[in-house]
Structures are given as structure tokens and as C-alpha cells.
Amino acid sequence: MEEGNSIIYGLEHQTRALSPQYGESDAIRFLIGTQSLKPNTNQVHVVELEEDTGALHTKVFKHDIGEIWHLRCSPHDAATLITTHNFYDLDTCQCTMGVSIFRLPSIEVIPKDLDDLSAMQNRNAEDMELLKTITPEKPEEEIRCAEWHPTDANRIGIVLDNYVSIRDSSTGEQVASVAPEGRTRLKFTGGKWSPQGHSQFTVLQDTHIKCFDTRTDCSKPAWNIESAHRQLARDIDFNPNRQFHLASAGDDAALNIWDYRHGKEPIFSRTDHSHWVWTVRYNTYHEQLLLTGSSDARALLTAAASICDVDDDGKRLSQVLEDGVLQSYEQHEDSVYCAEWSAAEPWTFASLSYDARLVLSRVPRHFKYKILL
Amino acid sequence: MSESCKDKENPLDIDGSNFNSEMYLECLLKCASLRQVMDKEAEVVTQSQFLQSEMQTLVYENYNKFISATETVRKMRSDFQIMQEEMNKLSENINNITQFSAKISDNLKESGNNVNRLCSTRQLLDKLQFVFLLPTQLNKAIQENRYVDAVHDYTHAQRVLQKYGDQPSFQSIQTECSDIICDLKKTLRERLLTPDTSASELAESVGLLRQLQETDSSLKDIFLKCAENRLEQHLKNLNAIVENVDLLEWVEKCNNTLLADLAIVISCYHDIFQDSDNAYLPEFADKVTTQVFNLFQEVVKKPENIGTEILIRGLDKFFRKLQAMSEIISSDSVFNKAQDVVIQCINHKATMQYQVIQTQFKENLMRVRQSLASKGTEAADLKEILNSLQIHLMQKVQASLLDLIAFLQNKLSFGLKPWCGRAVADACWTVISETLINLSDMVKNMASMQTSNNIPFELLLILAKLCLEIQENGVTTLHSHLLKLLEESAPGLTVKDRDTNTVMVNLSTAAQTALDSEVVFIGQMAAQMLRVSVLARDWLRAPEPRGPRAVCRRVVETLASADTAASQLFPTSIKPSSDSSRRTIWSRAPSSFSPINRIFSERIEVFSPAGADRAALSNGALKVALKALVECVRLRTFSRHGLQQLQVDVHFLQQRLSCMGNDERLLNALLEDALASAQIRCVDPQLMEPSIVDIICERG
């Protein structure tokens, strides 16, 4: 993967789910879930980029319990993943959503010998071990996503239409729920665990961002950002280094960064996309790099250096990068719903568009040197 | 005959000097008949006789006169002899008189000398008496406050005293006198220091002291200090009345009290310390005038002094006085400060003007907003609103320019000065540019306040058009209007190449912001309807389609109303707008959802700058609305009927929206994308026959 060249990997079905393998620290590996309403066609693809050669290796697993809307690898175990899926039952003419935890038989993707290679070339889908399936109380309830607890391997948070259910991953029992009082009509669009406190869950509700402490009765948010976006808020990501900073993206095509202690005005805001922004991610190692994906069929690499280079007194330490778009990645031809940094390598990221195209790209070398040197 | 009479030099004229008898005769003989000649002869004879007798009488008369003259001469000769004798007697007598008079004057000479000596002695004695009486005189004069007399006397006597001061009798007098004078000085100084002495008294005192040979510098100090005290008193009074009186009254008061006194002080100073250098005075004058100017500024800034007329008159009076003052002081700094005051007044006025314009414009906008809001669905005449706003704004600006030009009237003391002209020109331009920049800022602000969607989109359209109109015509109109006004009132004065570009750029960006915001507003409104309707519906259990859903009609209505509003203000240009903003979505040949086709079609940018053109505006709103439809469809799962319902909806939208905008390919691409996405998300993807869709659409 030379400078400016991206590697493209195509799948057969529409895709909306992408996750880096959080538990893996050596190999650049991403997992993709497909979205197809045809029975028994959905798959989980594991894609590994061989850093030295730039070669791409893949392994395919069957996912026969429905189309995948959301996929997250466990941060505690590289082989474990959780999918949010939807299944259409021909007999009842009804869709049922659920959350399932799987374990991969092996995390190795690169073939070790010729047998492996031939198996790989046949692309025969292998089976995964299904550990647990959790279904909502009411079958017609829609599930937005399921998120691993950052430290507690037995805990997952499931975001539904209008509440969040905290479950034990081994038993599937609900241990807590987040349901704001008043039963507002405004539905949740997504959510995430807050990295601080280990018990706070942040949800996106219409244009607002709200954080609830799961130890309380969750009637009142611990903090919130009202009207974070002019239209629907689509995604958030927490700054891995600064505990009060978070980035949000929404239907107003904006990327906003907030200090949630002062949630009136964003401390950084850019509108570089020309349609809804569906995803935003902080680079795990370099907080000034942000990755966004939008339905304008672009992934943008944006620098927010001005708010990251400041010390506690608000003084600039250095000016390495100019704020703004560093690079626009235009290899996609349909809406980009997912974009993720690699968990193992700080400069590589993947973006996934609806037309089933995965693009693996790198931060341009001169920016990399600017940050490092 | 008659002919010969005409010419005076005619030789035929018998009475003329050039008379030629022969010619006459000849002529007569030639011209007349015998009878006439005979008559002529008789006439000539009688005339000759008459002349003869007359000549004889004259001779007789002259003869008689000659005889009487000879007799007179003879008589005179005998009289002269008697006169000679008388004259001789007279000269003798005169000689006697001269001798007597010489004798008398010899006798009187001695006594005259004596009298002279006595007189001079008497004068000396008088002087001595004056000197001896001096102390008492002085005391008396001082008691009666006739300080001038006292000092006058003393200076007279001083020379004598100095001359004879070593003699004991004078010494005592001198000491006494100097004591008294010392006292006098003291009292004079005291008088100087008391605050209630008038400026003229002050000058008098100082003059006296100076005659009494006080040193100049200390005197100057005292003089100025006293003057300052007094002026401070005036300042205090003036300060106190700032709140109560109007500008004219204040200036009047200031001129009459403070500045008048200052003038007296200064002229006295000049009189008294004529030759000394001017070190103290300018500084002093500066100090006082600065304070006065500050007060003046305060007065000017009072709200009731806003009227141009009153301001100009007050300023004129004030400036006249100051100009006079600065001539007295002969210091540039006072004059410069006076200029500054005028310039500041002009600038202050300009600031007031554009602030007023802005608030009035805001009020107008409020009114427009209310009227737009109250009209409801009924279509308002946007063009009329635009015109009234624009005309009102332009008129206000022009009126305020006129107001400012009033500072250049000939009759004003500062009216014709070049610096004043420059200041006015600058101020005028400031009014124009500030007004327009304020306008653009306001429009930008209103356009970016999207969260509170209170601003009707019509208003955004109006504001955008207003900005564009002013950018295209208004700026140059105002600029040339200003030049004309300046040319009229102060020929030769021009506004130096002003930065009209910045103003225009500001206006056009404001217009762009407003247009973008309008497009997004309309688009989002439609998008929101589509989003809610798609997300809320259970597409899996949808019944067989019977017609397009109601939301589609509402979307069409929304877009159509915006299109109509836009058409009022932004007529469609003839050439199709070059929509450079096609990206993101892929327009492609009908009914083909394959990635290959996407490569060969152009992208469509959804949130992109909108053109100032009806079609471009509608295109923009369409893009926003329909792209939202595509994205929402992808989040749902459809049954066969659900898909068919969407097919009907899409067909309906295609029919109704194709008249809007000018880019049918764009519209089709987006709608096909929506349908294709629904097909992918359908569990049983079977589309209806197009003919049936047509029928259903028409039936609905």
C-alpha cells in the first residue's frame, strides 16, 4: 500500500457493519458484516492486511441468523464478536432483531500452508461458534447496536428504539436499563459506553447527546448536550486521551467536537461533507486525527490540531497541523456508513460503503512525519 | 440765392468774410431778371446809407471819451504831491516809537529774571511737598482702592527718592513708602488669589504689580494660576448645566463665560508680558481647551442634541469662537484641537446615522416578518416587500448623506475648509459602507440561525435578493450619489478610491448564505416529512397501494410553494444553470442499479452553494429532500406491497416535481436510487407494471 494508493476489497452484498479487531495488537484486521434479506446468504468477512507485502487476506464465516446491521469485536478477546442482526421470517412475514455473540474458530487469516491456501481460495464459508443470542422483550422492537463494556467482559449495552438495555453477556439477563423519564417520542439512533467511570452509557437521541449513569435509576442524564446537531445526530466517539472531549457527527453534515462540561457550543466544528455524516472516529494514538464517513460517498481525514495541542491553560504548545481536511478519500461510489481505524497500527484505516466496497487507506506520509517529528 | 445762403463760406454771402463782389455780381446777373436786379440795387443802396450813418455816430462817441480821460490825468498829477509830504511825516514818528520801546525793555529785564527764579523755586517746593505728603497720599489712595493712582504716584516719586535717598530726611520717607508699597503688593496679590475677581480686575492687578517691578515669571505663574482658578469655576458651572440645557444654549454660555474670559486672560497676558517668550501660554490654553472640548463632546453626545441643524449651529458658533481664540493665542495646537472637535462631531454624527438606519431597517424587517407570518399560506407579494425595503434603505442612506453634507454649508465657519470636506467625505463613505456591511452581517446572522426556524423562507429569499440588488446597483448608485453631492457642495472634493469591493464581497457572501440557508431550510422541511413518513411506517405490512401517500402531496406542495416564491424574485435565466455541484449521488441511465454505471455518471453534491436562480434553488431543495428519502429507505425492510407503494410514490414525485428545477436527470437519478434501494431492501422484490402505476397515480 504505497503513498496515496488504497486497497479495495469487494463483497457480494450490501454492507453496513465494520469493526477493527480490538483485541489484536499485531495484525491489521477488520471484520465486515453483510446485509442481505435473502436467507442464508449473510457472512462475516475477516480481512487482514499484510503490512510488509501490502497483500490482503480474507476469511469468510457464515452468519445465517440474518442480515448484520452492526458488528463489534470484543476488546477483551480477539476472537469474540457481537453482531446486531435482523431476520425475516417468511412464514410469519415478520422481522425479528437480535444480538448474538460469536467466537471465531481461529483468528489467523494468513494461510500457513498450501491446504490453508486452497481452502482460502475456495472461499468456503466456515462456521463460527455461537455463544449467546439475546432477543428483545418484544419481538418487533428495533435494535440499533450492541456495545461491549470497555472493561467488564461480561457486560454489554444494547441500544434499542427508546431504551438501553444493559445485559450480562453470559446469561443474557438484563442487569440495568436506561430509559429516560417522560417517555419522549424521540427515538435513539445509537449509543456508546463512556470510557470514563465504566458505568456511563451515552446515547444519541434525535439531535441531542445524553449520558446516563447505569448505577442510578437513569431518569436524568448525568450530562447532556442539547441540540448537538441541527439535524439528527448519527455517531459519537470519545477522545481517547482527553476525558471530557467527544466528537459527534450528524445529518447537518457537520463534525463537532465538544467539551461536554460546557455543552452549549462545540469547541470545534467543520462542515466539509456535503451530506449526512454517519460515522466519526478518533485516531487511538493521535487525537488530532479524525475519520468521518458520509453519504456523500467520501471518507475524510480531518485534523483538529488546534484543540489538541493546547495545555491546561489553553495555550498552544505547538502547531503541527493546520485544522481542516487533510485528505479526501473518494474511492467509494455509494454512501459510506462505516469508517474505522485499525486497532493495531495507528496510520491505517478502513472505510466501508453500502455498495459493499471496503477501502483500506493510510494517512499520507507527510502528515505522518509532521505528527511524529 | 437760397442755395448760396446755405454755405457759410460761400463767397456769394454778402455778410460773409469770403465775400467776392465780382462773383456775386456775376452770379446775380446770371440768375436774376432785370426786375430783380433793379430791386436788388435799391436794396443795396439803402443798406449802404444805413451803414454810413451808423459809422458816423460811433466816431463821435469815442471822441468824447478821449477828452474826459485827458482831464482826469491832469488832476491826478497835482494830488500826488500832497501825498508825498504826509508819508515823510509818518516815517519820522515811527523812528521815535522804536527808540522808546528799546528803552523800556532795558528797564524791565532785571525784574523778569527775578520772577523766573521765583517760579522755579515754587515748583521745587511743590515737588518736595508731594514727596513729603506721599505716604499719606498713598495710604489714602489705597484706602479708597484707587490702586492705579497710588502706583502712579509712587512710580513718579520713586526716581526722586532714589536720587536723594541717601539724605536722612528722604530716607525715612522712602522706607515709609516702600512699606506702604509692600503692603500694596500684598493686597494686590491677595486680590489676585481671591476667586471672585473678574478677569479685567485681574489684568489690572497684574499690570500694577508689574509696574511695581515684580519679576515676570513669578507673576506669570500667579497670573495663570489665578486665571486657571477662575476658568475652572466656569468649567464647573458649564459641567453642571450639561444635563439641563440644549447644545446652542450651552455653547452660548461657554462662549460668553469661559472662552470670553480665556480670551481676556490671554490678551492681557500679551499686553502685560509683551516681549517674553510664549512658553506658558500655549500649554495653559491647551489645558483649558482640552477640558472644554471634552465637555463639548459630552454635550454633543446627549440624545436630545441629535438634530443636525442644532448641532451644526452650535458647532459653528463654538468653532468661530475657537478660531478667534487660536488667533489670539497664535498656537496651532488649539486650532488643531478645534478641527478635531469638528471632525469628531462629524464622525459622531455619521455613527449615529448608520446606527439609526440599522435599527430602522431591523424594525422594517420585523414588520415584514410579522406580515409574512400573519399571511399564512396566502402568497405574499415578495417583490413589493423587496422594493419597499430597498427603497426605504436607500432613501435613509441618501437622507443621512444629505444630513452630513450640511456640514459643508458655505455660511459655516468650517464649511469651506478642505479638512472639513475630507472629514465629511470620509464620514459619508463610512455611513454607506457601514450600513451595507451591517446589512450583510445581519443577513448572515439570520441565515445561520437555523436552529430557531422562525425566519420564514420568503424573508431569506427577499434578503438574498436585496443583497444582490444592492451589490449590483445600490453600491454604485450610492457612490455616485455621494460624489454628486460632494461636487455640488464642495467642488473638487472627491471620495478617494474607496473600497467598494469589500462591501460588494460582503453583500454577495451574505446573499449566498441566505440562499443556501433557504435551500437547506426548504429541503430539510421536505426531507423531514419524508424521513418521518418512511421511518414511521410499517412497510412489511403495507396494503396494496391505492394511490400516492399523503406525505408526497405535502412534499410537493412545500417544494412548489418555495418554487413559486423564488420565481417572484429570481426569474429563471434563459441559459440552463451550470450546476457544478453534481457529486455524491450517481445519476445514471434509467432502471440500472449496477456499480459499473455509477463510474460513468457524475456525482451530485447535496449540500452545495445554491445559484441565484429559481431553477437552481429548486434543484437544491429537491436534492436535499430526495437524498434523504434514499437514505431512509435503506434503513427499512419492505414487503412486496411496500415496495409497490414506494414505486407509486416515486412515480408521483417524478410527475409532479419534474416541472420544478431544470435538471430532470438529477431528479430521475435520485428517485431511481430511492426505488433501487427499496428493491434491495425488499423481501419479495416485484415491481408493478408501469401502466398500472400510472393509473394508480392518476386515480390518487
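Criteria and cut-off values
Residues numbered from 1 in each chain as written. Chains lettered and ligands numbered in written order. Predicted model: local features only at pLDDT ≥ 70, side-chain atom pairs only at ≥ 80, totals over all residues. Heavy atoms only, no water. UniProt positions renumbered as here; feature names shortened; annotations may be inferred. Helix = DSSP H or I, 4+ residues; strand = E, 2+ residues; numbered from the N terminus. Buried < 20%, exposed > 50% of the residue type's maximum accessible area, 1.4 Å probe, protein only. Contact = heavy atoms within 4.5 Å. Areas by Shrake-Rupley, 256 points an atom, 1.4 Å probe, with all protein chains shown as cover. Core = buried A, V, L, I, M, F, W, Y, C linked by side-chain atoms within 4.5 Å. Buried area = accessible area lost by both parts, 1.4 Å probe. Salt bridge = Lys/Arg side-chain N within 4 Å of Asp/Glu carboxyl O. Pairing = 2+ DSSP bridges. Axes fitted to C-alpha atoms, helices over the stretch in contact; angles between N-to-C directions. Phe/Tyr/Trp six-rings, centres within 6.5 Å; stacked < 30°, edge-to-face > 60°. Lys NZ or Arg CZ within 6 Å of the ring centre and 35° of its normal. Parallel < 35°, antiparallel > 145°, perpendicular 65-115°, else oblique. Left-handed = near helix turned anticlockwise from the far one by under 90°. Polar contact = N/O pair within 3.5 Å; in protein donor to acceptor, adjacent residues only side chain to side chain.

- The name an unreviewed UniProt entry gives chain B is Vacuolar protein sorting-associated protein 51 homolog, with Pararge aegeria aegeria as the organism.
- Under the Function (unreviewed entry) heading, UniProt states for chain B: "Acts as component of the GARP complex that is involved in retrograde transport from early and late endosomes to the trans-Golgi network (TGN)."
- Taken verbatim from the UniProt record of chain B, the Subunit (unreviewed entry) comment is "Component of the Golgi-associated retrograde protein (GARP) complex."

- The name given to chain A in an unreviewed UniProt entry is Jg13422 protein, and the organism recorded there is Pararge aegeria aegeria.
- Under Sequence similarities (unreviewed entry), UniProt gives the following word-for-word description of chain A: "Belongs to the WD repeat EIPR1 family."

Some words on the overall build of chain B
Part 1 of the reasoning: Helices and strands together make up the secondary structure of chain B, namely 21 helices and zero strands.
Part 2 of the reasoning: Residue burial in chain B is summarised as follows: out of 700 residues, 44% are buried.
Part 3 of the reasoning: Counted over contacts in chain B with a minimum sequence separation of 6, partners at least 24 positions apart contribute 77%.
Part 4 of the reasoning: Carbon together with sulfur atoms contributes 54% to the accessible area of chain B, which is approximately 38,100 Å² in total.

A short note on unusual backbone geometry
Part 1 of the reasoning: Even without glycine at this site, cysteine 93 of chain A takes up a positive phi of about 55°.
Part 2 of the reasoning: Cysteine 93 of chain A gets classed as partly exposed once you look at its relative accessible area, which sits at 38%.

Remarks on the nonpolar core
Part 1 of the reasoning: Trp250, Phe296 and Phe318 of chain B are the most contacted members of the largest nonpolar core, which totals 179 residues.
Part 2 of the reasoning: In this structure, Val131, Leu161, Ile180 and Leu188 of chain B belong to the second largest nonpolar core, which totals 19 residues.

Focus: the interface of chain A and chain B
Part 1 of the reasoning: Of the residues lining the interface, 35 residues belong to chain A; the matching set on chain B comes to 30 residues.
Part 2 of the reasoning: For the pair chain A and chain B, the two sides together bury roughly 2,800 Å², of which 49% comes from carbon and sulfur.
Part 3 of the reasoning: Between the two partners, chain A and chain B, sit three salt bridges.
Part 4 of the reasoning: The partner of arginine 636 of chain B in a salt bridge is glutamate 142 of chain A, and the shortest N-O contact between them spans 3.1 Å.

Points about the sheet that holds strand β14 (residues 188-193) of chain A
All names here are of chain A.
Part 1 of the reasoning: Strand order in this open sheet of four strands is β14-β15-β16-β17, and the pairing throughout is antiparallel. A single partner strand is all that each edge strand has here, and the edge strands are β14 and β17 (223-225). On average, each strand axis in the sheet is inclined to that of its neighbour by 20°, with strand direction left out of account.
Part 2 of the reasoning: Relative to strand β16 (residues 208-213), strand β15 (residues 200-205) is paired through six bridges, and the arrangement is antiparallel. For leucine 204, the partnering residue across the bridge sits in β16 and is isoleucine 209.

Structural notes on the pattern of salt bridges
Part 1 of the reasoning: Under the defined criterion, the tally for this structure stands at 34 salt bridges over all chains.
Part 2 of the reasoning: One salt bridge connects arginine 144 of chain A with glutamate 142 of chain A, and the closest N-O pair in it is separated by 3.1 Å.
Part 3 of the reasoning: In this structure, aspartate 649 of chain B and arginine 549 of chain B form a salt bridge, with 2.6 Å as the shortest nitrogen-oxygen distance. Of this pair, aspartate 649 of chain B sits in helix α19 (residues 640-657) while arginine 549 of chain B sits in the loop between α15 (500-536) and α16 (550-569), and the two are 100 residues apart along the sequence.
Part 4 of the reasoning: A single network of salt bridges, built from pairs that share partners, joins Arg72, Glu147, Asp235, Arg281 and Glu340 of chain A.

Describing the packing of aromatic side chains
A ring pair, where both rings are aromatic, is described by two values, the distance of the centres and the angle of the planes.
Part 1 of the reasoning: This model, assessed by the stated rule, comprises eleven aromatic pairs over all chains.
Part 2 of the reasoning: Relative to phenylalanine 349 of chain A, the ring of tryptophan 341 of chain A lies with its centre 5.3 Å away and its plane at 70°, an arrangement referred to as edge-to-face.
Part 3 of the reasoning: Judged by relative accessible area, which is 4%, tryptophan 341 of chain A ranks as buried.
Part 4 of the reasoning: Given the relative accessible area of 0%, phenylalanine 349 of chain A is considered buried.
Part 5 of the reasoning: Three or more aromatic residues link up through ring pairs in this structure, and these residues are Trp276, Trp278, Tyr337 and Tyr354 of chain A.
Part 6 of the reasoning: Directly above the aromatic system of tyrosine 337 of chain A lies the positively charged group of arginine 16 of chain A, at a separation of 4.0 Å from the ring centroid.
Part 7 of the reasoning: The cationic tip of arginine 537 of chain B hangs over the ring face of tryptophan 539 of chain B; the distance from NZ or CZ to the ring centre is 5.3 Å.

Side note on the packing of helix α13 (residues 418-448) of chain B against α15 of chain B
Residues and elements named next belong to chain B.
Part 1 of the reasoning: For the pair α13 and α15, the least separation of the axes is 8 Å and the interaxial angle reads 20°. Here α13 lies roughly parallel to α15, going by the angle between them. Handedness of the α13/α15 crossing: left-handed. On α15, the residues touching Trp429, Ser433, Leu436, Ile437, Leu439, Ser440, Val443, Lys444 and Ala447 of α13 are Thr500, Val503, Asn506, Leu507, Thr509, Ala510, Thr513, Ala514 and Ser517.

With respect to the side chain of lysine 192 of chain A
All names here are of chain A.
Part 1 of the reasoning: Mapped onto the secondary structure, lysine 192 falls in strand β14.
Part 2 of the reasoning: The exposure class assigned to lysine 192 is buried, which follows from its relative accessible area of 11%.
Part 3 of the reasoning: Reaching out from lysine 192, the side chain makes a polar contact with the side chain of aspartate 237 at a distance of 2.9 Å.
Part 4 of the reasoning: Discounting residues that sit within four places of it in the chain, lysine 192 has contacts with Glu147, Gln200, Phe201, Thr202, Ile236, Asp237, Phe238 and Arg281.

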